[in-house]
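As a plain string of letters, each chain reads:
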Amino acid sequence: MNSMLRLFSVLIFALFVSRAFFLTVVMRGYYLDLASGNRIKLVALPAARGVVFDRVGKMIASNIQVGEAIVRHYPDGEVVGSVIGYVSDGKGVAGLEKQYDQVLSGKPGESVIEETAVGKEVRQIKMTEPEPGGELKLNLDLGLQKAAYRYLKNQLLETGKSGSVVVSETSGAILALVSLPTYDPNLFIVDGKRGAEGGVYSDSTDVVRDEGRQPLFNRAISGVFAPGSVYKLLTALAGLQEKAIGEDELITDSGEIVIGDYRYG
């Protein structure tokens, strides 16, 4: 019995010795490399996203500091949601933020830090400064955009319907573009600050899940609608110039023109 106990003890001791030999001698180089690697930490330094202005230099999209983080901010909230879109994890997902993502995103930097095994910083070995994104100046007129947004919103409150407004120059430059219902793009920013027009949604999940109002659907550029007659502008101008009609005159449109026995729809 005693001989078996001694043999068992010897085997256990031999097992521990062999394991210690394996870790300290055979695997020594591996753990030295591992320990050396643990002393160096790479910290990504995000680049500030480029600022977006309207045609006269009014701010549409900027960056603000919230705590220790720099986050994207849209001061006017859902007034510009249908135009500017939004970002997620620093990348443009919709609207102009997506269209001009490469221009606005910039180039991140990097900090190389030496630290102890317990994570205490010893020194900064190297730092590459981030390059901020480029600025974007739009044809949009923010004052006109706000006016179009508020007028359409008031009209739709009475009807409960959806709609859009687009104002452009003859050159094709877009001065205002509104689609309602819409959303505050700040809702998609982690720790973001609500805009002046925050809208009815409390977070981005509510925006995405609202299949009834479809706030993410841009009716101004993606909707399919029967076109109105733009030629009416010419006939109206001609009538005013020839004084055939007055500025305050109302004309009833019955949907057809009757000339003798002929009817034109």
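About the thresholds
- Every chain is numbered on its own, with residues counted from 1 as its sequence reads.
- The model is predicted, so local features are restricted to residues of pLDDT at least 70 and side-chain atom pairs to those at 80 or more, both for listing and for counting; the totals for chains, interfaces and linings are taken over all residues.
- For the side-chain quantities, the full set of heavy atoms in the structure was used; hydrogens and water were omitted.
- Think of a 1 Å grid over the protein atoms and nothing else: a 1.4 Å probe that fits but is trapped marks a cavity, an open set flanked by protein within 12 Å on at least five of seven lines marks a pocket, and residues with an atom within 4 Å of a point count as lining.
- Grid points are joined across faces, edges and corners, and a volume is the space filled by probe spheres set on the points.
- Secondary structure elements are taken from DSSP: a helix is a run of H or I of four residues or more, a strand is a run of E of two residues or more, and numbering for both begins at the N terminus.
- Here, nonpolar core means buried Ala, Val, Leu, Ile, Met, Phe, Trp, Tyr and Cys residues that are tied together by side-chain atoms lying within 4.5 Å of each other.
- In this scheme, a residue with accessible area under 20% of its type's maximum is buried, one over 50% is exposed, and one in between is partly exposed, where area comes from a 1.4 Å probe on protein chains only.
- Residue contacts follow a heavy-atom distance rule, with two residues in contact if any of their heavy atoms lie within 4.5 Å.
- Whenever two N or O atoms come within 3.5 Å, that pair is a polar contact, provided that in protein one can donate a hydrogen and the other can accept it, and provided that, for residues adjacent in sequence, both atoms are side-chain atoms.
- Paired strands, in this sense, are two strands between which DSSP finds at least two bridges.
- Lines are fitted to the C-alpha atoms to define the axes, a helix being fitted only along its stretch in contact, and any angle between axes, read from their N-to-C directions, falls within 0 to 180 degrees.
- Centre distance within 6.5 Å is the pairing criterion for rings of Phe, Tyr and Trp, where only the six-membered ring of Trp is used; planes under 30 degrees apart are then read as stacked, over 60 as edge-to-face, and the remainder as tilted.

Trainee: Would you mind showing me how to read the layout of surface pockets here?
Mentor: Empty space among the atoms becomes apparent when a probe as large as a water molecule is rolled across them. Roughly 580 Å³ of volume is contained in the largest pocket. In terms of lining, the largest pocket is formed by 20 residues, of which the most central are Pro46, Ala47, Ile70, Asp89 and Gly90. Contributions of two or more residues to the lining of the largest pocket are made by β4 (69-73) and β5 (86-88). Looking at which element gives the most residues to the lining of the largest pocket, the answer is β4, with four residues.

Trainee: What should I look at first to understand the nonpolar core in this one?
Mentor: Nonpolar side chains tend toward joint burial in soluble globular proteins. Formed by 25 residues in total, the largest nonpolar core has its most connected members in Val52, Ile60, Ile84 and Leu138. If you list the elements that add at least two residues to this core, you get β3 (59-66), α3 (81-84), α6 (142-159) and β11 (174-180). By residue number, the principal contributor to this core is α6, which donates five residues. Excluding residues within four positions of it along the chain, isoleucine 84 makes contact with Val52, Ile60, Ala61, Tyr74, Ala94, Gly95, Leu96, Glu97 and Pro185. Counting residues in each nonpolar core, the second largest holds seven residues, with Ala94, Leu187, Tyr201 and Val207 among its members.

Trainee: Help me out: how do you make sense of the side chain of serine 179 in this one?
Mentor: Mapped onto the fold, serine 179 is located in strand β11. With a relative accessible area of 2%, serine 179 lands in the buried category. Here arginine 219 takes part through its backbone nitrogen, which lies 2.9 Å from a polar atom of the side chain of serine 179. Look past the residues within four positions of serine 179 in its chain and what remains in contact with it is Ser82, Gly163, Ser164, Phe217, Asn218, Arg219 and Ala220.

Trainee: What is the right way to read the sheet that holds strand β7 (residues 109-115) from this model?
Mentor: Sheet strands line up and pair through hydrogen bonds in the backbone, either parallel or antiparallel. The three strands are arranged β1-β7-β8 in an open sheet whose pairing can be described as antiparallel. The open sheet has two free edges, formed respectively by β1 (40-45) and β8 (121-128), since each of these has just one partner strand. With strand direction ignored, the average angle separating the axes of adjacent strands in the sheet is 25 degrees. Sheet analysis places β1 next to β7, joined by six bridges and oriented antiparallel. When the sheet's bridge partners are listed, alanine 44 is paired in β7 with glutamate 110.

Trainee: How do you make sense of the packing of aromatic side chains when you look at a structure like this?
Mentor: Given two aromatic rings, their pairing is described by the distance between the two centres and the angle made by the two planes. Per the stated rule, a full pass over the model turns up three aromatic pairs. With centroids separated by 6.0 Å and ring planes inclined at 85 degrees, the aromatic side chains of tyrosine 86 and tyrosine 183 adopt a geometry described as edge-to-face. With tyrosine 86 in strand β5 and tyrosine 183 in the loop between β11 and α7 (204-209), this residue pair connects regions lying 97 residues apart in the sequence. For the residue pair tyrosine 86 and tyrosine 183, the accessibility class agrees, reading buried in each case. Ring centres 3.8 Å apart and planes at 20 degrees place the aromatic pair tyrosine 86 and phenylalanine 188 in the stacked group. In this pair, tyrosine 86 sits in strand β5 while phenylalanine 188 sits in the loop between β11 and α7, placing the two residues 102 residues apart along the sequence. Members of the aromatic cluster, each reached through a chain of ring pairs, are Tyr86, Tyr183 and Phe188.

Trainee: I keep staring at unusual backbone geometry and nothing clicks. Help me out?
Mentor: Looking along the chain, the bond that leaves leucine 180 and enters proline 181 is cis, with omega of 0 degrees. Summarising the element assignment, proline 181 is placed in the loop between β11 and α7. Positioned with a positive phi, aspartate 191 is a non-glycine residue whose angle comes to about 65 degrees. Examined against the element boundaries, aspartate 191 turns out to sit in the loop between β11 and α7.

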